Amino acid sequence: MKSIVGRKMGMTEVFAKDGTMYPVTVIEVLPNVVVQKKTIEKDGYEALKVGYEDAPERTCNKPRLGIYKKAGVAVKRHLVELKGDEIYGSKNVGDSIDASIFASGEVVDVLGTTKGHGYSGTIKKYGNHIGPKAHGSGYHRQIGSLANNGRCNNRVIPGKTMSGHWGPEHATILNVTVIESNAEKGYILVKGGVPGPKKSLVVLRSATLTQFRKPVVKELVDLTPAPEVKDSAPASEAPKGE
C-alpha cells in the first residue's frame, strides 16, 4: 500500500480524445518531505511522518521546530503520518514523495474532513419530512415525536435523529479512479468528488477493497498551448510591380 498528502483545489471536467467527459477533482500534490520514520521498536508501528507545504519559521512552535532541525528539512505547515509498505521501505528522512507514485487508471481511497455546517435541524441534517404548511398547523420544521413506541422507560430511544452539530467529520471515499497524475506540474485528477471544502488537506492511499474489474481511463486531450515558434530569418521581399 502507498499513500500521499494533497490539497483539494476544486472540481472541473476533462475530455478524452474520443469525446468522453470525466468529472474530476483537482488535487494539488506538492512534494511530501519525510521528516521522521516511525519504527516498531520505538513507536509500536511503522509509518512515515511527512511535511507538506513550506512555511516561515516564525509560524512554527519550538517543539515542532526541533523536529525539522533534527531531520534537516525546511519548516513545513502541516505534518501528516502516512502508512504503506511500498513507501516505508524505499524512503528515508529527507526524501520526497511526489505524485508519480500513482498512475492513471489506478484505484485509490480518498480520506478527508467533511464541510462543517454548524448547528442544524433535523430537516437539513437528516432530510426528515417537513410538517404541513397550513396556517392552522403548529408543526413545520420541528424534531417530531419522541415517543418510545408505547414503552414507558423514561428516556428517548438511542438513534433518534435530533438537531445538533453537523460536521466536520472524518470521511473516506472508497474506490476512486485516478484520471491523470502529473508529477511535473504537481497535481492528481481523480474521478468524482472528494470530502472537504476547497483548500482542505486530503490523503490518497491505495484502495483497500479488491478490484474485480480494473477501470479503463482513455487518453485525455492535451490542452497545453504549443510554444510559439519565431522565425529568425528575414522575410523575403515581395516582388516589385512594374
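Report follows, based on the coordinates. (Residues numbered from 1 in each chain as written. Predicted model: local features only at pLDDT ≥ 70, side-chain atom pairs only at ≥ 80, totals over all residues. Heavy atoms only, no water.)

Looking only at helices and strands, the protein chain features 4 helices and 12 strands. Over its C-alpha atoms the protein chain spans a radius of gyration of 26 Å, topping by over 25% the 18 Å that the globule rule assigns to 242 residues. With the C-alpha coordinates aligned to their principal axes, the bounding extent of the protein chain is approximately 105 × 70 × 45 Å. Looking at the protein chain residue by residue over its 242 residues, the buried ones come to 32%. A total of about 15800 Å² of accessible surface is found on the protein chain, and carbon and sulfur atoms cover 53% of it. Here the protein chain contributes 35 positive and 25 negative side-chain charges, whose respective centroids are spaced 14 Å apart. (Helix = DSSP H or I, 4+ residues; strand = E, 2+ residues; numbered from the N terminus. Rg over C-alpha atoms; globule rule 2.2 N^0.38 Å. Buried < 20%, exposed > 50% of the residue type's maximum accessible area, 1.4 Å probe, protein only. Areas by Shrake-Rupley, 256 points an atom, 1.4 Å probe, with all protein chains shown as cover. Lys, Arg positive; Asp, Glu negative; His and termini not counted. Charge placed at Lys NZ, Arg CZ, Asp CG, Glu CD.)

Neighbouring strands of a sheet are bound in pairs by backbone hydrogen bonds; such pairs are parallel or else antiparallel. Ordered in space as S5-S4-S3-S6, the 4 strands form an open sheet in which the pairing is antiparallel. In this open sheet, the two strands that pair with only one neighbour each are strand S5 (76-82) and strand S6 (96-97). Across 5 bridges, the pairing between strand S3 (residues 32-38) and strand S4 (residues 47-54) is antiparallel. Across the sheet, Val 33 pairs through a bridge with Gly 51, a residue of S4. (Pairing = 2+ DSSP bridges.)

Tracing the chain through its elements places Gly 193 in the loop between strand S11 (187-191) and strand S12 (201-206). For Gly 193 and Met 11, which are 182 residues apart along the polypeptide, the C-alpha to C-alpha distance reads 7.4 Å. With sequence-adjacent residues up to four places away left out, Gly 193 is seen in contact with Met 11 and Thr 25. (Contact = heavy atoms within 4.5 Å.)

Our next topic: the layout of surface pockets. Empty space within the largest pocket amounts to approximately 340 Å³. Residue lining of the largest pocket: 16 residues in total, with Glu 180, Tyr 187, Val 221, Asp 222 and Leu 223 positioned closest to the centre. Within the residue set of the lining of the largest pocket, elements represented by two or more residues are strand S1 (3-15), strand S10 (170-182) and S11. In this model, the second largest pocket occupies a volume close to 230 Å³. (1 Å grid on protein atoms, 1.4 Å probe; cavity = no way out; pocket = protein on both sides within 12 Å on 5 of 7 lines; lining within 4 Å. Points joined across faces, edges and corners; volume = space filled by probe spheres on them.)

As a further point, take helix H2 (residues 62-71). For H2, every residue scored as buried is listed here: Leu 65, Tyr 68 and Ala 71. Along the axis of H2, the buried residues cluster in a sector spanning 130°; they form a single face. Summarising the geometry of H2, the exposed residues directed more than 90 degrees from the buried face are Lys 62, Pro 63, Lys 69 and Lys 70. Its buried side turned inward, H2 meets S3 and S5. The backbone nitrogen of Arg 64 has a side-chain oxygen 3.0 Å away, supplied by the residue at the start of H2, namely Asn 61. (Arc of directions from axis to C-beta. Polar contact = N/O pair within 3.5 Å; in protein donor to acceptor, adjacent residues only side chain to side chain.)

Let us look at the packing of aromatic side chains. Evaluated as defined, the whole model comprises 0 aromatic pairs. Above the plane of the ring of Tyr 88 lies Lys 37, whose end atom (NZ or CZ) is 4.4 Å from the centre. (Phe/Tyr/Trp six-rings, centres within 6.5 Å; stacked < 30°, edge-to-face > 60°. Lys NZ or Arg CZ within 6 Å of the ring centre and 35° of its normal.)

As a further point, take a negative patch on the surface. Residues Glu 41, Glu 46, Asp 85 and Glu 86 make up a contiguous surface patch of negative charge. Relative to the helices and strands, Glu 41 is located in helix H1 (residues 40-43). (Patch = residues over 30% accessible without salt bridge, like charges linked within 9 Å, V, L, I, M, F, W, Y side chains within 5 Å. Salt bridge = Lys/Arg side-chain N within 4 Å of Asp/Glu carboxyl O.)

Cis geometry marks the peptide bond from Gly 167 to Pro 168; its omega dihedral reads -5°. Among the structural elements, Pro 168 can be located in the loop between strand S9 (164-166) and S10. In the Ramachandran plot, Asn 175 falls in the positive-phi region, its phi being about 55° despite a non-glycine side chain. Relative to the helices and strands, Asn 175 is located in strand S10. One non-glycine residue, Lys 199, adopts positive backbone phi at about 75°. Relative to the assigned elements, Lys 199 resides in the loop between S11 and S12.

Locating Asn 182 in the fold gives a position in strand S10. Setting aside residues up to four positions removed in sequence, Asn 182 forms contacts with Ala 99 and Tyr 187.

In this structure, Val 50, Ile 188, Val 190 and Leu 204 are the most contacted members of the largest nonpolar core, which totals 25 residues. Secondary structure elements with two or more residues in this core: S1, S4, S5, helix H3 (85-88), strand S7 (107-113), S10, S11 and S12. Residue contributions to this core peak at 3 residues, all from S4. (Core = buried A, V, L, I, M, F, W, Y, C linked by side-chain atoms within 4.5 Å.)

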